Structure formats: C-alpha cells, structure tokens
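Listed below, chain by chain, are the residues.
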Amino acid sequence: MNYVSCKSSELPFAENYKIKMVQRIYRSTRQQRQKWVEEAHYNLFNLRSDQVFIDLLTDSGTGSMSDTQWAAMMIGDESYAGSDSYHVLHQVVSNIFGFDYVLPTHQGRAAENVLFSVLVKSGDFVPGNSFFDTTRGHIEYRNGKAVDCTISEAFNTTIEHPFKGNIDLKKLETVMSMYSKKHIPMIIVTITCNTLGGQPVSMENLREVKKVAEKYGVRVIYDSCRFAENAYFIKTREDGYRDVTIREIVREMFSYADGMTMSGKKDGLVNIGGFIALREKSLFDECSYFIIMFEGFTTYGGMSGRDMNAMAVGLEEVTTFEYLENRIKQVAFLGKKLQDYGIPLQLPIGGHAVYIDAKRFLPNVPKEEYVAQTLGVELYVEAGVRGVEVGTLMADRDPETKENRYPEVEFLRLAVPRRVYTNDHMHYVVIALKNIFHRRREIIHGFSIVKEAPILRHFTIQLEKISR
Ligand SMILES: *Cc1c(COP(=O)(O)O)cnc(C)c1O
C-alpha cells in the first residue's frame, strides 16, 4: 500500500462534538410506506414521524441541543414578569445584534404576526428577496403585497453565483420609486433565503439595500432565521472577510438593519422560540401591545424561562466558526455526493438544505401535476426519507385570480436538522435518490388536488394519484 502521511495541520475535517444521547429510529418496508403515504393523502406533513426513517422535512426546531443548553434549562426563571431568563436573553441579543429592544415570541411567524400587525396595512407594498411562506402569508393576509426583488440569477439553478439571495437594486429602486413611502412600511431582507435554497446575501448587498432604504426613508427588517449561516458564507465567500470573526460579521450585517424577526428554531439552536429585536423605542412600544394580546407578557412572549435560557446559549454557540463549519460541511457533503451522480441541484449548495431541481430531475411530469411533490412522494416510498416540496403547492394560488402560481423553479428540499444525523445517514439518502434518478423517465404522472385550504395550503392539502 502506498501510504503517504500528512502534516498534522492537514488532517481531515471532523466534527468538534461527540454524541451523548441517542434516539432510536425505525426502518419500514416499501409496502408499509406505500400504504401510509396513501392514507396521508400523499401529503408528507400527514405522516407520523415513526413512519419516517430519515426526516429531512425541515431544519426548524428539529436540532439537538448541547449539554450546555440543557444545563441552562435547569436554571430558567419562570417568573411571569421581569424573568431573569428574559434579561439573560436580552443581554445576548443586544450583544450579538446591537438592538436595544427585544420581545420574545413563541416562534418566527409569531414575530411576523406581531410586527406586521403594527406595520402592514391594506394596500401596502413590501419589497424583499424571495419571501418565506409565512412571511408572504402574513403580508397577504393583511391585503398587502410582497414584491420579490431577488436577482434573476437566483432562478437559474445552474448558475454558481456566491450570493443568490441578493436583492436586485434596480428592481428595488423601481418598487421604491413607484409607490409612495406611506405604502412601503419596510423592506424585508431574508438571510439566508430559505425559499431559494438557503442562499446568502452579501455584506455589500446589505449595505446597498440600506442606502436605498435611507434614500426613501423606509425601514429595513431582516427575516433573520439563518443569520449565522449567512455570516459563514460572507466569511468564506466575500472579499475582505476571511479574517473577520463571525461575531464581528453579524454585528456589521445588522448595523444595516432597523430591526429583525427571528425564529429560534433555526439559528437559535432550540426546539421552539423566537423574538423581535428593534432599534426604535416607539415601534417596540407599539409591538408590545400586540405581544400581550397574541403571545404573553413582554418579558416572556410565547416562551418559558428555561426556553429563553436555552436560546440565549444557542445564540452564543451558533455564532462560532467551529459550529458553523460542522453544520455547513455536512450539508455540502450531502449536496456534493448528489452532484457526483448528476442529480440536478440549486448551485451553489445552500446553508441548511440541499434543493433538488425537480423539473430537471423528472422531465416527464407536467407542471400541472406538481413535480416536486411527485419526487418527494417517490423518495418517501423508496427509502422512508421525508423531504418537502418548495414548489407550486407551497406557492399557493394568486389571491386575485385564484389560479395556481407556478414558480420558476420547483424544488424538493432536503433540510438537514442541526447536530442530529451522521454522514452515513446522508449517504443513505444519496443512494435512495440515485435509484429514483435511474428510473426517472418512467415517472410520468403526479397528483391532482382533492382538498385545499385558501392560504398556506401545502400543510394540510389532500392529493390523489393521477394514473392513466
Ligand atoms: C422558518 C422561517 C420563518 C418562520 O419561523 P417559524 O419559527 O417556523 O414560525 C420565517 N422566515 C424564514 C426564512 C424561515 O425559514
């Protein structure tokens, strides 16, 4: 054997944690899965988790906490008002993001609900980059319009742009100059862009968006769920940031914002929780009324003291380069192996998930039959792996015409929970997809809708197999 040793500085990458507790998961048979998915009306949200072997439905609230977070839970303060845990969380949020005003909420969409209750009125326009479904939902529910200003490169999955989450400044200017400032309550920048494939926004773009906002006197709010993953990409991809720490990068990113909504279930490294953080006292006061109405008293929102403690520690952990390197390298491992087999993906590979380009994967399924959903059901039946459709079902119908909105790209998203699965699990997923890729031309039919809700329909939709 020809063995050449390497320098100790060149030893391969390995995670900087070990596993202290495990949970058993079950492998089912193909026949079982076929029956279960039919009973679930071909909606993967309707499956029981014990019917799933590897669950890549979402990275939201599905992560493992560290021993330090569990320890912090034991000393949570459950006081109704003025909880010590709130002050701990407040301190950490102010240190990391530079905002003085913090309101805990039970999760990200609750933060949106509260903030948008103050800011969004009927007839308003909210420009931004590829809105998340609940963000768009909360704007449209108030008869506002979410205007997508993402750069067009983002919609071509084969272009390897390092910051596909960027806002096209020309598109933004057009929206800003078209409507009166009275009808533009804010610009929303999503970091990273979930809907597009976990794609980051560059520091330069954040800076430029703030300039446009200042020119028109409009606020910038970050939908910040994966802010730390975004910072990692700035550090590793953008000129001038290689030697800057994650904490410093985050601080600069948020210096170009006036506030943030946050889902703690992502980069808060907790199973439930979220918050709003703001620079303006007056906006904080207005939000406080809605927090009390929808969530709870202002010093706990929708959270228990122990959960606020765990999120405070999570925010400290997530803003370290070591943590982020473990995280992003596992997602890259999954993506790279799929790429090696020629499976079409959104490139470059994102921070929290791999996004399979379903229309290129299944060229023979018509778009009217929900291509990404078809691939998702195939993968579940093949291997017990659950992904999620980010395509026509998630895009909902146009609120005016009631027609399906066909997005430019149909994705099957494989979201990787934080610190949960090993690379062997990732390998298993790759081989399952490779099997389907081999017989992709035989897959020619998808589904039709039996029953759907008027908004956010993908969560509860019922489907029927089309077979001719
Ligand atoms: C998850 C998510 C939200 C909503 O947060 P929840 O905690 O699920 O309510 C909002 N925006 C983005 C980009 C998200 O990924």
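For clarity, every value in this text was computed on a predicted model and none was experimentally measured.

Enquirer: Would you explain the overall build of the protein chain in this entry?
Expert: Of the regular secondary structure elements, the protein chain holds 16 helices and 14 strands. At 22 Å, the protein chain has a C-alpha radius of gyration in line with the 23 Å of a compact globule built from 468 residues. Taken over the C-alpha atoms alone, the protein chain extends approximately 60 × 60 × 45 Å along its principal axes. The 468 residues of the protein chain split such that 57% are buried. Across the protein chain, the fraction of contacts at a sequence separation of at least 24, relative to all contacts at a separation of at least 6, is 74%. When the accessible surface of the protein chain is summed, it comes to about 20,500 Å², and 52% of that surface belongs to carbon and sulfur atoms.

Enquirer: Just to check I follow, could you spell out the UniProt feature "domain: Aromatic amino acid beta-eliminating lyase/threonine aldolase" (unreviewed entry) in the protein chain for this structure?
Expert: The feature "domain: Aromatic amino acid beta-eliminating lyase/threonine aldolase" (unreviewed entry), as annotated in UniProt, sits at residues 55-430 in this numbering. With 44% helix and 13% strand, residues 55-430 has its two end C-alpha atoms placed 14 Å apart.

Enquirer: I'm lost on the sheet that holds strand 12 (residues 411-415) in this one. Help?
Expert: Note on sheets: strands pair through backbone hydrogen bonds, and any given pair is parallel or antiparallel. Read from one edge of the open sheet, three strands run 9-12-11, paired in antiparallel fashion. Each edge of the open sheet is held by one strand with a lone partner, namely strand 9 (353-357) and strand 11 (388-390). If you compare each strand with its neighbour and ignore which way they point, the axes differ by 35 degrees on average. Two elements, strand 9 and strand 12, share five bridges in a ladder whose sense is antiparallel. Residue pairing across strands places Ala353 opposite Ala415, the latter belonging to strand 12.

Enquirer: Can you walk me through helix 11 (residues 305-318) in this structure?
Expert: Since the α-helix packs 3.6 residues into each turn, any two residues three or four apart lie on the same face. Taking 1.5 Å of rise per residue, 14 residues should cover 20 Å, and helix 11 covers 20 Å from first to last C-alpha, within 8% of that figure. With twelve of 14 residues buried, helix 11 lies mostly within the body of the structure.

Enquirer: Help me understand the site of the ligand, please; the structure alone is not making it clear to me.
Expert: Contacts to the ligand come from 15 residues, most closely from Gln107, Arg109, Asp223, Ser263 and Lys266. In this structure, an oxygen atom belonging to the ligand sits 2.8 Å away from a main-chain N or O atom of Gly108. The separation between an oxygen atom of the ligand and a polar side-chain atom of Arg109 is 2.7 Å. Burial of the ligand by the protein chains amounts to 98% of its free accessible area of 380 Å². Secondary structure elements with two or more residues in the shell around the ligand: helix 4 (108-119) and helix 5 (133-141). Counting residues per element, the shell around the ligand draws most heavily on helix 4, at three residues.

Enquirer: Explain the pattern of salt bridges here, please?
Expert: Side-chain pairing between opposite charges can occur once the charged atoms of the two side chains come close. The full count for this structure, using the stated rule, is 32 salt bridges. Put simply, Glu10 and Lys7 hold a salt bridge, and the shortest N to O gap is 3.7 Å. When its relative accessible area of 47% is taken as the criterion, Glu10 is described as partly exposed. Residue classification places Lys7 among the exposed positions, given a relative accessible area of 55%. By sharing partners, the salt bridges in this structure join Asp59, Arg226, Glu229, Asp267, Arg327 and Arg418 into a single network.

Enquirer: Where do I start with helix 8 (residues 227-237) in this structure?
Expert: Among the eleven residues that make up helix 8, nine are buried, leaving the element largely enclosed by the rest of the structure. Among all positions of helix 8, only Phe227, Ala228, Glu229, Asn230, Ala231, Tyr232, Phe233, Ile234 and Lys235 are buried. The secondary structure elements touched by the buried residues of helix 8 are helix 3 (84-97), helix 7 (203-216), helix 9 (246-255), strand 7 (259-263), helix 11 and helix 12 (321-340).

Enquirer: Just to check I follow, could you spell out the domain arrangement of the protein chain for this structure?
Expert: Many structure descriptions define interface size as the accessible area lost when the parts assemble. Split by domain assignment, the protein chain resolves into domain 1 (13-59 + 321-465) and domain 2 (67-318). Counting residues at the interface gives 34 residues for domain 1 and 39 residues for domain 2. Roughly 2,900 Å² of surface becomes buried between domain 1 and domain 2 when both sides are summed, with 57% attributable to carbon and sulfur atoms. Three residues, Leu324, Gln346 and Pro348, lead the burial of domain 1 against domain 2; their summed loss comes to 19% of the area buried on that side. Salt-bridge contacts for Asp59 lead to Arg226; the nearest nitrogen and oxygen are separated by 2.9 Å. At the surface where domain 1 touches domain 2, the tally comes to 22 residue pairs in polar contact (both at pLDDT 80 or more).

Enquirer: What's the story with a nonpolar patch on the surface in this structure? I'm lost.
Expert: A contiguous nonpolar surface patch, about 330 Å² in accessible area, is contributed by Tyr17, Ile19 and Val22. Looking at the secondary structure, you find Ile19 in the segment before helix 1 (30-39).

Enquirer: Is there a simple way to explain unusual backbone geometry in this structure?
Expert: Only a minority of non-glycine residues have a phi that is not negative, and only a minority of peptide bonds are not trans. Omega for the peptide link from Ile191 to Thr192 comes to -15 degrees, which places this bond in the cis form. Of note in this structure, Ser130 is not a glycine but carries a positive phi near 35 degrees. Locating Ser130 in the fold gives a position in the loop between strand 3 (125-128) and helix 5.

Enquirer: When you look at the side chain of Glu378 in this model, what are you seeing that I'm missing?
Expert: Position of Glu378 relative to the elements: it lies in helix 14 (residues 371-383). Engagement of the side chain of Glu378 in a polar contact is seen with the side chain of Arg439, the distance being 3.0 Å. In contact with Glu378, other than residues within four places in its own chain, are Ile436, Arg439 and Ile443.

Enquirer: Help me out: how do you make sense of the packing of aromatic side chains in this one?
Expert: A ring pair, where both rings are aromatic, is described by two values, the distance of the centres and the angle of the planes. Counting across every chain of the model gives 18 aromatic pairs. Lys367 extends its terminal NZ or CZ atom over the ring of Tyr406, reaching a point 4.7 Å from the ring centre.

Rules and cut-offs
- Residues numbered from 1 in each chain as written.
- Predicted model: local features only at pLDDT ≥ 70, side-chain atom pairs only at ≥ 80, totals over all residues.
- Heavy atoms only, no water.
- Helix = DSSP H or I, 4+ residues; strand = E, 2+ residues; numbered from the N terminus.
- Rg over C-alpha atoms; globule rule 2.2 N^0.38 Å.
- Buried < 20%, exposed > 50% of the residue type's maximum accessible area, 1.4 Å probe, protein only.
- Contact = heavy atoms within 4.5 Å.
- Areas by Shrake-Rupley, 256 points an atom, 1.4 Å probe, with all protein chains shown as cover.
- UniProt positions renumbered as here; feature names shortened; annotations may be inferred.
- Pairing = 2+ DSSP bridges.
- Axes fitted to C-alpha atoms, helices over the stretch in contact; angles between N-to-C directions.
- Expected span 1.5 Å × (residues − 1).
- Near = heavy atom within 4 Å.
- Polar contact = N/O pair within 3.5 Å; in protein donor to acceptor, adjacent residues only side chain to side chain.
- Salt bridge = Lys/Arg side-chain N within 4 Å of Asp/Glu carboxyl O.
- Domains from an automatic or database assignment.
- Buried area = accessible area lost by both parts, 1.4 Å probe.
- Patch = residues over 30% accessible without salt bridge, like charges linked within 9 Å, V, L, I, M, F, W, Y side chains within 5 Å.
- Phe/Tyr/Trp six-rings, centres within 6.5 Å; stacked < 30°, edge-to-face > 60°.
- Lys NZ or Arg CZ within 6 Å of the ring centre and 35° of its normal.

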